[in-house]
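# Working through the structure, step by step
One letter stands for each residue in the lines below.
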Amino acid sequence: MTPAAGTEVHVDVEGRTLTISNLDKVLYPRTGTTKGEVLNYYAQVSPVLLPHLKDRAVTRIRWPNGVEKASFFEKNAPAGTPSWVRTAEVPTTGSRTGKGDGTIRFPICDDLATLTWLANLASLELHVHQWTVEEDGTPRNPDRLVIDLDPGEPAGLHECAQVALMVRDALAERDLGCTPVTSGSKGLHLYAPMDGSLDSDGTTALAKEVAETLQKEHGDLVTSVMTKAKRPGKVFLDWSQNSGSKTTVSPYSLRGKERPTAATPLSWEEVEAGAEDDLALDQFTMGEVLERIAELGDVFEA
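Keep in mind it's a predicted model, so treat the numbers as computed, not measured.

Here we take up the sheet that holds strand β12 (residues 188-193). Ordered by their spatial adjacency, six strands build an open sheet running β13-β14-β10-β12-β11-β17, and the pairing between neighbours is mixed. What marks the edges here is a single partner per strand, and that holds for β13 (222-223) and β17 (264-265).

Below, the structure written as structure tokens:
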């Protein structure tokens, strides 16, 4: 039996007692997807999601009244954060907060209890930096480089797949491999593991170099310029998400779109098919993601 609207239930999650509310609240009106279904998705996807969040400061985008209502970004751990939630005091220097040399107390989502707590707050989107933190909260050098492929209409996933193959080759020339992930929105993200020898400025410069090189070689399809007026019909290679203050939606995180889509790791065979056929790739819903995991496991790790 589904609890009545407004009812609170107490659940035990790995030894932590959480108060869960409004399980029947519809968060995705177009599909009728409820908060209870969102909590169930995050519980089921946690074995493959949590490794991508481990030791990373989490910025959340919350939709307390569903995706058709207002949302807000949240970096600091909110009032009422349970004492058992791991947090990290991270310097804001270089961020866009305008607060100078202050700090932000981010939650770190390393376990299912914390993930459930965040999902209960309608934190549909979980965004993380390209760096992890030490036990004391000190940011390490980035352990990955990310390039966000953002299509300008009428370009779409088909064009992103074509450009992803170009980026893969460009990174391979620099002795880097990469993994493709749908953004859950419009485009693709490409993740390249780094050995920690470069700081955020270094990885940003490297990503920008790749983007500008591909723009010179394939200017009919690729742009490295952020100005949206320059992007119709092209794929923007967003290199800026490697900045120390920037974040990218985590693999397997939901998105606050009309449908409950999620960022989804792909195989390169799927990307190659998408580059050939403009109908071969689409964004995956949370149900489709769970089916993929049951069949394929974590394609990101594979």
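That was the structure; now back to the text.
Taken as a whole and assessed by the stated rule, the structure comprises two aromatic pairs. An angle of 65° between the planes, with centres 5.6 Å apart, marks the rings of Y191 and F300 as edge-to-face. Here F300 lies in the segment after α6 (286-296) and Y191 lies in strand β12, a separation of 109 residues in the sequence. Like F300, Y191 is buried. Positioned above the aromatic ring of F284 is the side chain of R292, whose terminal nitrogen or guanidinium carbon lies 4.5 Å from the ring centre.

For S21, the location among the structural elements is in strand β2 (residues 16-21). Given the relative accessible area of 17%, S21 is considered buried. Ignoring sequence-local partners within four residues, the contact set of S21 consists of T7, E8, K35 and N120.

One can describe the packing of helix α1 (residues 35-53) onto helix α2 (residues 112-120) by two numbers: an axis separation of 10 Å at closest approach and a directional angle of 150°. The crossing of α1 and α2 is right-handed. Residues K35, L39, Y42, A43, S46, L49 and L50 of α1 form the contact with α2, whose participating residues are L112, L115, T116, A119 and N120.

This part is about the sheet that holds strand β9 (residues 123-128). Strands sit in the order β6-β5-β9-β15 across an open sheet of four strands; the sheet is antiparallel. Lying at the two open borders of the sheet, with one neighbouring strand each, are β6 (72-74) and β15 (248-249). Inspection of the sheet shows strand β5 (residues 58-62) paired to β6 by three bridges, in the antiparallel sense. Across the sheet, I61 pairs through a bridge with F73, a residue of β6.

Next up on the list: the layout of surface pockets. In this structure, the second largest pocket occupies an estimated 210 Å³ of space. If you go around the second largest pocket, you meet 13 residues; those closest to its centre are R56, D143, R144, P193 and F300. Of all the elements in the fold, those that place two or more residues in the lining of the second largest pocket are α1 and β12. With three residues, the top contributor of residues to the lining of the second largest pocket is β12. Here the residues of the lining of the second largest pocket are counted per class, giving five nonpolar, three polar and five charged.

This paragraph deals with the pairing of strand β10 (residues 144-151). The element β10 is largely enclosed, with a buried count of eight among its eight residues. Residues of β10 alternate between two faces, with R144, V146, D148 and D150 on one and L145, I147, L149 and P151 on the opposite face, all of them buried. Sheet topology places β10 next to β12; six bridges connect them, and they run antiparallel. Among the inter-strand pairings, R144 is bridged to a residue of β12, identified as P193. Examined bridge by bridge, β10 and strand β14 (residues 235-238) share four bridges and lie antiparallel to one another. The residue bridging D150 from the neighbouring strand is F236, located in β14.

Definitions and limits used
Residues numbered from 1 in each chain as written. Predicted model: local features only at pLDDT ≥ 70, side-chain atom pairs only at ≥ 80, totals over all residues. Heavy atoms only, no water. Pairing = 2+ DSSP bridges. Helix = DSSP H or I, 4+ residues; strand = E, 2+ residues; numbered from the N terminus. Phe/Tyr/Trp six-rings, centres within 6.5 Å; stacked < 30°, edge-to-face > 60°. Buried < 20%, exposed > 50% of the residue type's maximum accessible area, 1.4 Å probe, protein only. Lys NZ or Arg CZ within 6 Å of the ring centre and 35° of its normal. Contact = heavy atoms within 4.5 Å. Axes fitted to C-alpha atoms, helices over the stretch in contact; angles between N-to-C directions. Left-handed = near helix turned anticlockwise from the far one by under 90°. 1 Å grid on protein atoms, 1.4 Å probe; cavity = no way out; pocket = protein on both sides within 12 Å on 5 of 7 lines; lining within 4 Å. Points joined across faces, edges and corners; volume = space filled by probe spheres on them. Nonpolar A, V, L, I, M, F, W, Y, C, P; charged D, E, K, R; others polar.

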